[in-house]
Amino acid sequence: MSHYSVVRTRMTDASLLAKALADLGFDNAEVHAAAQPLIGAAQPLIGVGGGQREQTAEVIIRRQYLGRLSNDIGFKRGADGSFEAIISDYDLQKYSQSWLQGLVRRYAYHAARSKLEEKGFDLVEEKVEATGQIHLVLRRML
């Protein structure tokens, strides 16, 4: 039975987290509706043997999408409203700190786009540099 590690993040929006996961190839992530903004309707994570773990999460990538010997990866909302990544020590080999950093970058991208669209900006051009840096050209009609 694998031990789970918990990694605190600053991600707070489940729908933006799901978009970021989809960008990384996990468009099948489960997002469980939150009964209350900070509590949520957490579901149990499933371990490598198919049994339920004591850990729960509101956003889950099920193990069948991760690999044959993997456990579920979950994102549980903490008391401050941000999500904590719950990843088994076995899966940390592949879904490491650098993977989480990439997820956070994609989350930030979607958060920025969402805020700008709320303020009436339209995306005119998006350019991705070789370094991974993204340049957005936006326009807002007054």
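See above for the structure.
So, how was this worked out
- Residues numbered from 1 in each chain as written.
- Predicted model: local features only at pLDDT ≥ 70, side-chain atom pairs only at ≥ 80, totals over all residues.
- Heavy atoms only, no water.
- Helix = DSSP H or I, 4+ residues; strand = E, 2+ residues; numbered from the N terminus.
- Buried < 20%, exposed > 50% of the residue type's maximum accessible area, 1.4 Å probe, protein only.
- Contact = heavy atoms within 4.5 Å.
- Areas by Shrake-Rupley, 256 points an atom, 1.4 Å probe, with all protein chains shown as cover.
- Lys, Arg positive; Asp, Glu negative; His and termini not counted.
- Charge placed at Lys NZ, Arg CZ, Asp CG, Glu CD.
- Core = buried A, V, L, I, M, F, W, Y, C linked by side-chain atoms within 4.5 Å.

> What's the story with the overall build of the protein in this structure? I'm lost.
When helices and strands are tallied, the protein shows two helices and nine strands. Considering only C-alpha atoms, the protein reaches an extent of 55 × 40 × 20 Å along its principal axes. Buried positions account for 35% of the 142 residues belonging to the protein. For the protein, long-range pairs separated by at least 24 residues make up 50% of all intrachain contacts whose partners lie at least 6 apart in sequence. Accessible area for the protein stands at about 8,500 Å²; split by element, carbon and sulfur atoms hold 51% of it. Across the protein, the 18 positively charged side chains and the 17 negatively charged ones have centroids separated by 2 Å.

> I'm lost on the nonpolar core in this one. Help?
Most often, soluble globular proteins keep nonpolar side chains buried together rather than apart. Membership of the largest hydrophobic core comes to 21 residues, with the highest contact counts inside it found for Leu17, Leu21, Ile61, Phe75, Trp99 and Leu103. Elements with a contribution of two residues or more to this core: helix H1 (14-23), strand E5 (59-61), strand E6 (73-77), strand E7 (83-88) and helix H2 (97-118). Of the residues forming this core, the biggest block, five residues, is contributed by H1. If near-sequence neighbours (up to four positions away) are discounted, phenylalanine 75 is found in contact with Met11, Leu17, Leu21, Ala57, Glu58, Val59, Phe83, Glu84, Ala85, Trp99, Leu100 and Leu103. Formed by five residues, the second largest nonpolar core is a distinct cluster that contains Leu45, Ala57, Ile60 and Ile86.

Functional significance is not addressed by these values, which are geometric in nature.
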